[in-house]
Amino acid sequence: MNTTTTSTPTGHGSPIPDSIVAWDRLEETIDRLADIIDQRLTSHDEQLVCSLQFPEAEALAEVLDAGRHTRTAARLMHRWALTEPDWEDDHTREALIRDWLTIDRHPQLRGLEP
């Protein structure tokens, strides 16, 4: 998320780095979130995954993916699918979940480290 933007306050000609600081904080927050999720997945904390409904798991995975933590997002969705035995019955979500499973099983297809 190495996005650099600056904002110019009204009436001033020099840009200030407020938005750069905001992006850095957002990036740090997402990195910390990914670390927490990784730790919970590594420790096999099923309570975290079991407590998530599909929309929550999907939203969390999308945030992680946008923050360049695609492997963590894929692992989260894979673990979620393992705790939801009926996920294949929901045809609107099945393709999305299968995409996450493919990323988790074959990360090299997306250029990710195995």
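Refer to the structure printed above.
What comes next is a walk through the structure. What you see is a predicted model; the values in this text were computed from it and never measured.

1. Considering the packing of helix α1 (residues 18–42) against helix α3 (residues 54–66)
Item 1. Relative to each other, α1 and α3 sit at 125°, their axes nearing to 9 Å. Overall, the two elements α1 and α3 adopt an arrangement that is oblique. Taken as a pair, α1 and α3 cross one another with a handedness that is left-handed. Across the interface between the two elements, Ile30, Leu33, Ala34 and Ile37 of α1 pack against Leu60, Val63 and Leu64 of α3.
Item 2. Tallied by class, residues from the contact of α1 with α3 come to seven nonpolar, no polar and no charged.

2. Points about the nonpolar core
Item 1. Among the nonpolar cores identified, the biggest contains 22 residues, and Leu64, Leu76, Met77, Trp80, Ile97 and Trp100 are the most heavily contacted of them.
Item 2. At the level of elements, α1, α2 (46–50), α3, α4 (70–83) and α5 (91–105) are the ones that each hand at least two residues to this core.
Item 3. At six residues, α4 tops the list of elements feeding residues into this core.
Item 4. With near-sequence residues (within four places) excluded, leucine 64 lies in contact with Ile30, Leu33, Ala34, Ile37, His69, Thr70, Thr72, Ala73 and Leu76.

3. Let's talk about the side chain of arginine 79
Item 1. Here arginine 79 is to be found in helix α4.
Item 2. Taking relative accessible area as the criterion, arginine 79 reaches 13% and is therefore assigned buried.
Item 3. Sequence-distant contacts of arginine 79, that is, excluding residues within four places in its chain, are made with Leu41, His44, Glu46 and Val49.

Basis of the calculations
- Counting starts from 1 at the beginning of each chain's written sequence and moves along it residue by residue.
- Local features in this predicted model are restricted to residues of pLDDT 70 or higher, and side-chain atom pairs are both shown and tallied only at a pLDDT of 80 or more, whereas totals for entire chains, interfaces and linings draw on every residue.
- The basis for the side-chain values is all heavy atoms of the structure; hydrogens and waters are excluded.
- Note on definitions: angles span 0 to 180 degrees between N-to-C directions of axes, and those axes are lines fitted to C-alpha atoms, for helices only across the stretch in contact.
- Secondary structure elements follow DSSP: runs of H or I of four or more residues count as helices, runs of E of two or more count as strands, with numbering from the N terminus.
- Should an angle lie under 35 degrees it is considered roughly parallel, over 145 roughly antiparallel, and from 65 to 115 roughly perpendicular; all remaining angles are considered oblique.
- The handedness criterion is simple: a crossing whose near helix is rotated anticlockwise from the far helix by less than a right angle is left-handed, and one whose near helix is rotated clockwise is right-handed.
- By definition, residues are in contact when any of their heavy atoms lie within 4.5 Å.
- In this count, Pro and Cys sit with the nonpolar residues alongside Ala, Val, Leu, Ile, Met, Phe, Trp and Tyr, while Asp, Glu, Lys and Arg are called charged and the others, Gly among them, polar.
- Residues grouped as a nonpolar core are buried Ala, Val, Leu, Ile, Met, Phe, Trp, Tyr and Cys residues, joined through side-chain atoms within 4.5 Å.
- Summary of the burial criterion: residues with accessible area below 20% of their type's maximum are buried, those above 50% are exposed, and those between are partly exposed, where the area comes from a 1.4 Å probe applied to protein chains only.

So far we have only geometry, and geometry alone does not tell us how the molecule works.
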